[in-house]
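# Summary of the model geometry
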Amino acid sequence: TEAYRQAMLESPDVVLGPVFASEVKAVRAENPAQPVISFTSDSAVLGDNIYSLALLIPQQINRVVDYACTHGQRRIALIGPQDKTGEIVIQAFEKAVQSCPGMQITKISLYQPNATDLTTPVQRIAPPLIDARSKNLTDQAKELLRNPSADRLSFDSLFIFESGVKLEQLVSILYYYDVTPQIVPFYGLATLRQTRIDQLTGAYFADIPQYRIEMFKRNYQDAFGKTPLPIASFGYDAVSLVSFLSQENVLDESALIDPIGYNGMNGRFRLNPDGTNDRLLDMFQLQGKGRAVVVEQAPAEFNTQN
């Protein structure tokens, strides 16, 4: 708050930053009269002249749902922790599936973030295990064994929102119950790019186009002798946007929220009146050993008719 008040003594036209949600919330309490372009991924603290350039969860889910829809998937299940991220994911999915005729969320399995055993959450969505060696198999059990595993599921796609060791545990248990990316498409957030879990080979996620990012990293390395933090390219885009609008003498709200959008190191983006942003995202598929390839490029332009 003190830093923001000190900045106001310079009578700026726009403020870039801060980064974290708690900081943005403090600035918002000051009722800024000029635009504040922050880098928080928490959309709950945006609005009232405060924007964010961060990659938001709802935009990732919108892209995933669009991709799943065009590939014929209509029954999606969700699994992940019951925390703030989980709340955002579920709300975003409930809204996004409305854009795909016939798509529905068939199952949601949540667990406490501090849970150590993830078997029960998996059992809520996976078909029951059947021991083919049992001598007391019922006719129903025999029929289930004859069916492909995918036919025994109540969903045709699975979205997992988890990371780190918990993600590895979750995927391992899913495999035990014969729920794999080879049986049913797996989807996740852009954080899947960092995973080295071979069992997730074939999983999909939406993320910003990488070709400009790679160029930015090389230029940054040449200039400063070190690899940039991931947030650096967003800071670069913020400065570039403000610089461009200043040169055009249109540094105001109407220019900031131009529905056509702007090109940046992180692809094409546009700011919305509520402070959120839209981004044109590529769809990626994990190929194993931390490698991901583009399976569907982002659209070239925003649909300005919506």
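Quantities reported herein were computed from a predicted structural model and do not represent experimental measurements.

### Considering the state of the cysteines
Summed over all chains, the structure comprises 1 disulfide. Bridging cysteine 69 to cysteine 100, the disulfide has an S-S length of 2.2 Å. Residues cysteine 69 and cysteine 100 are joined by a disulfide whose S-S torsion is about 85°; by sign, that bridge is right-handed. On the criterion of sequence distance, the pair formed by cysteine 69 in helix α3 (residues 57-70) and cysteine 100 in the loop between α4 (84-96) and β5 (104-111) is long-range, its members being 31 residues apart. One exposure class covers both cysteine 69 and cysteine 100, and it is buried.

### Description of the nonpolar core
In this structure, Ile61, Phe93, Phe159, Tyr187 and Leu241 are the most contacted members of the largest nonpolar core, which totals 44 residues. For this core, the secondary structure elements donating two or more residues are α3, β4 (75-81), α4, β8 (204-207), α9 (232-247), α10 (253-256) and β10 (267-271). Per-element tally for this core: the top contributor is α3, with 7 residues. Among all residues touching phenylalanine 159, those that are not within four sequence positions of it are Ile61, Val64, Ile76, Ala77, Leu78, Ile79, Val89, Phe93, Tyr187, Gly188 and Leu189. Core analysis: the next-biggest nonpolar cluster, separate from the first, contains 28 residues, Ala115, Val179, Phe284 and Leu286 among them.

### Remarks on the sheet that holds β10
Remark on secondary structure: sheet strands pair via backbone hydrogen bonds, oriented parallel or antiparallel. With respect to topology, 3 strands assemble into an open sheet ordered β9-β10-β11, the strand pairing being antiparallel. Of all strands in the sheet, those bounded by a partner on one side alone are β9 (262-264) and β11 (277-279). On average, adjacent strands in this sheet sit at an angle of 35° to one another, irrespective of strand direction. As paired elements, β10 and β11 share 3 bridges and run antiparallel to each other. For arginine 270, the partnering residue across the bridge sits in β11 and is aspartate 278. α9 contacts β9, β10 and β11 of the sheet and is inclined by roughly 140° relative to β9.

### Focus on the pattern of salt bridges
In the structure shown here, the tally under the stated rule is 9 salt bridges. In this structure, arginine 5 engages glutamate 30 in a salt bridge whose closest nitrogen and oxygen atoms are separated by 3.0 Å. On the criterion of sequence distance, the pair formed by arginine 5 in helix α1 (residues 2-8) and glutamate 30 in the loop between α2 (21-28) and β2 (36-38) is long-range, its members being 25 residues apart. Residue classification places glutamate 30 among the partly exposed positions, given a relative accessible area of 26%. Where aspartate 66 meets arginine 63, a salt bridge forms, and the shortest distance between an N and an O atom there is 3.7 Å.

### Observations concerning the environment of isoleucine 50
For isoleucine 50, the location among the structural elements is in strand β3 (residues 50-52). Owing to a relative accessible area of 0%, isoleucine 50 belongs among the buried residues under this scheme. On a C-alpha basis, the gap between isoleucine 50 and aspartate 274 in space is 8.1 Å, while along the polypeptide they are 224 residues apart. Setting aside anything within four residues of it in sequence, one finds isoleucine 50 in contact with Val24, Val27, Arg28, Pro32, Val36, Ser38, Val45 and Gly275.

How each quantity is defined
Residues numbered from 1 in each chain as written. Predicted model: local features only at pLDDT ≥ 70, side-chain atom pairs only at ≥ 80, totals over all residues. Heavy atoms only, no water. Disulfide = S-S within 2.5 Å. Helix = DSSP H or I, 4+ residues; strand = E, 2+ residues; numbered from the N terminus. Buried < 20%, exposed > 50% of the residue type's maximum accessible area, 1.4 Å probe, protein only. Core = buried A, V, L, I, M, F, W, Y, C linked by side-chain atoms within 4.5 Å. Contact = heavy atoms within 4.5 Å. Pairing = 2+ DSSP bridges. Axes fitted to C-alpha atoms, helices over the stretch in contact; angles between N-to-C directions. Salt bridge = Lys/Arg side-chain N within 4 Å of Asp/Glu carboxyl O.

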